[in-house]
Amino acid sequence: MFCLLPRYHGMVSREEADQLLSVAEGSYLIRESQRQPGTYTLALRFGNQTKNFRLYHDGKHFVGEKRFESIHDLVTDGLITLYIETKAAEYIAKMTINPIYEHIGYTTLNKEPTLKKHLPVCKEVPDGPAPQGERVDEEKGLTSLVRRATLKDNVHTTKYEKVHNFKVHTFRGPHWCEYCANFMWGLIAQGVKCADCGLNVHKQCSKMVPNDCKPDLKHVKKVYSCDLTTLVKAHNSKRPMVVDMCIQEIESRGVQSEGLYRISGFSDLIEDVKLAFDRDGEKADISVNVYEDINIITGALKLYFRDLPIPLITYDAYPRFMEAAKITDPDKRLEAHHEGLKLLPPAHCETLCYLMAHLKRVTQNDKDNLMNAENLGIVFGPTLMRAPDLDAMTALNDIRYQRQVVETLIKNEDILF
């Protein structure tokens, strides 16, 4: 039987707190620290022992990750957790050993619809079935032209993967983990919920769940500022629809427009296109009847890439591309860019491939639009890649290399992708 008796006892020692709480299991008090005046400790009786926790308050009370409106709720949740973790410690340790996840759980209830057979690909050179000696001899015999061709000839198809976007969640009423099928205990924050697909699991089980998130459109509320892989998986598409639709519109009526991508459209109308995609998705109307100025569509496409939480050329791949841009030998530089492309998630690689093919076609009309690969590199360099946590001066110095990366990708689109 637990007895919750809330009391503030001022500045008392651990020994005095232990004596006061020894009368009832589950009793607690708050005391001010004698060693550090101004800090407070929650003393709680459990298992015939007095446990002491540093108590914090930032508008809500907490001793760990969970935050509570009242001390009473904090203690109640703490007693439940202590009881479960003490009495069922061995069982909890084994919960993730034989999960139901792959048998009757998430993967059964959320079977992915059959995709079009042409899944996004990111082409890469296979890592070595040939014996080492043969590879060395073959490499010596390759000309620059043949070596470039091999970059394109070797194709590796990778299925899109996405990690779950787990967030701490408070479940109303009894709830069971969809990984291990066990009860989720506590008053609040009993587990985590994937913000993209809705999967509910224990926090400890979340570390075991495979990277197989299948986003549900009811959880994906917008197009802009949404993770790229999340968006394409939610819509079961190869690329974000905003990229396909904008590029198709641009190529149908604006590829010869002078200053294409360099000239900015009216910002309010670009924002209007963004809101249309967020609201209507692939049903958004971006035709000439609604937006006569093609620069509004190019502006909306650039804004989409700028708003990505993870850039199209990801933070993980960024250093490799920066290194590649600094290589002076053309063949080695090209191969280094190819190595950088291998680091991109498949959805990013597929989208980048589609975009570069489009920009290549733009350069083929440069006599009219005055936009060659160098000019497009200046526009798209900072749009497609951002320095990960670099100081302002380093980021500024990187801009010229960002331009060179995009310029190389455009010029060699037919080889690299």
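I will try to describe carefully the structure that is included in this document. Predicted model only: the values in this text are computed from it and were never measured.

## Notes on the overall build of the protein
- Of the regular secondary structure elements, the protein holds 18 helices and eight strands.
- Within the protein, buried positions represent 44% of all 417 residues.
- Counting only contacts in the protein whose residues sit at least 6 apart along the sequence, the fraction spanning at least 24 positions is 63%.
- With an accessible surface of roughly 22200 Å², the protein has 51% of that area assigned to carbon and sulfur atoms.

## Section: a nonpolar patch on the surface
- Taken together, the side chains of Met393, Leu396 and Ile399 present a nonpolar region at the surface, about 300 Å² in accessible area.
- Looking at the secondary structure, you find Met393 in helix 17 (residues 392–411).

## Looking at the packing of helix 9 (residues 241–253) against helix 11 (residues 294–307)
- Two elements in contact, helix 9 and helix 11, have axes separated by 10 Å at closest approach and are oriented at 155 degrees. It follows that helix 9 is roughly antiparallel to helix 11 by the angle criterion. Seen from above, helix 9 lies across helix 11 with left-handed handedness. Across the interface between the two elements, Val242, Val243, Cys246, Ile247, Glu249, Ile250 and Arg253 of helix 9 pack against Ile294, Ile297, Thr298, Leu301, Tyr304 and Phe305 of helix 11.
- Taken together, the residues of the contact of helix 9 with helix 11 break down into 10 nonpolar, one polar and two charged.

## Focus: the pairing of strand 4 (residues 49–57)
- In terms of strand pairing, strand 3 (residues 40–46) meets strand 4 through seven bridges, oriented antiparallel. Counterpart to Ala43 in the pairing with strand 4 is Asn52.
- If you look at the hairpin formed by strand 3 and strand 4, you'll find two residues sitting between the two strands, and Gly47 has a positive phi there, around 60 degrees.
- Relative to strand 5 (residues 61–62), strand 4 is paired through two bridges, and the arrangement is antiparallel. Its bridge partner lying in strand 5, His57 is registered against His61.
- Connecting the antiparallel pair strand 4 and strand 5 is a turn made up of three residues, with Gly59 showing a positive phi of about 110 degrees.

## Brief notes about helix 16 (residues 373–384)
- Among the residues of helix 16, Ala373, Leu376, Gly377, Val379, Phe380, Gly381, Thr383 and Leu384 are the ones counted as buried.
- Where helix 16 is buried, its residues meet helix 11, helix 14 (346–363) and helix 17.
- At the N-terminal boundary of helix 16, the capping side chain belongs to Asn372, with an oxygen 3.2 Å from the backbone nitrogen of Glu374.

## Comments concerning the pattern of salt bridges
- Counted under the stated rule, the structure contains 18 salt bridges.
- Residue Lys66 is joined to Asp77 by a salt bridge in which the shortest nitrogen-to-oxygen separation is 3.2 Å. Highlighted residues: Lys66 in the loop between strand 5 and helix 2 (71–87) and Asp77 in helix 2, separated in sequence by 11 residues.
- With a relative accessible area of 4%, Asp77 lands in the buried category.

## A word on the sheet that holds strand 7 (residues 191–194)
- Ordered in space as 6-7-8, the three strands form an open sheet in which the pairing is antiparallel. Of all the strands in the sheet, the pair left with one neighbour each is strand 6 (166–169) and strand 8 (200–201).
- Examined bridge by bridge, strand 7 and strand 8 share two bridges and lie antiparallel to one another. Looking at strand 8, one finds that Val192 is bridged to Val201.

Basis of the calculations
Residues numbered from 1 in each chain as written. Predicted model: local features only at pLDDT ≥ 70, side-chain atom pairs only at ≥ 80, totals over all residues. Heavy atoms only, no water. Helix = DSSP H or I, 4+ residues; strand = E, 2+ residues; numbered from the N terminus. Buried < 20%, exposed > 50% of the residue type's maximum accessible area, 1.4 Å probe, protein only. Contact = heavy atoms within 4.5 Å. Areas by Shrake-Rupley, 256 points an atom, 1.4 Å probe, with all protein chains shown as cover. Patch = residues over 30% accessible without salt bridge, like charges linked within 9 Å, V, L, I, M, F, W, Y side chains within 5 Å. Salt bridge = Lys/Arg side-chain N within 4 Å of Asp/Glu carboxyl O. Axes fitted to C-alpha atoms, helices over the stretch in contact; angles between N-to-C directions. Parallel < 35°, antiparallel > 145°, perpendicular 65-115°, else oblique. Left-handed = near helix turned anticlockwise from the far one by under 90°. Nonpolar A, V, L, I, M, F, W, Y, C, P; charged D, E, K, R; others polar. Pairing = 2+ DSSP bridges. Polar contact = N/O pair within 3.5 Å; in protein donor to acceptor, adjacent residues only side chain to side chain.

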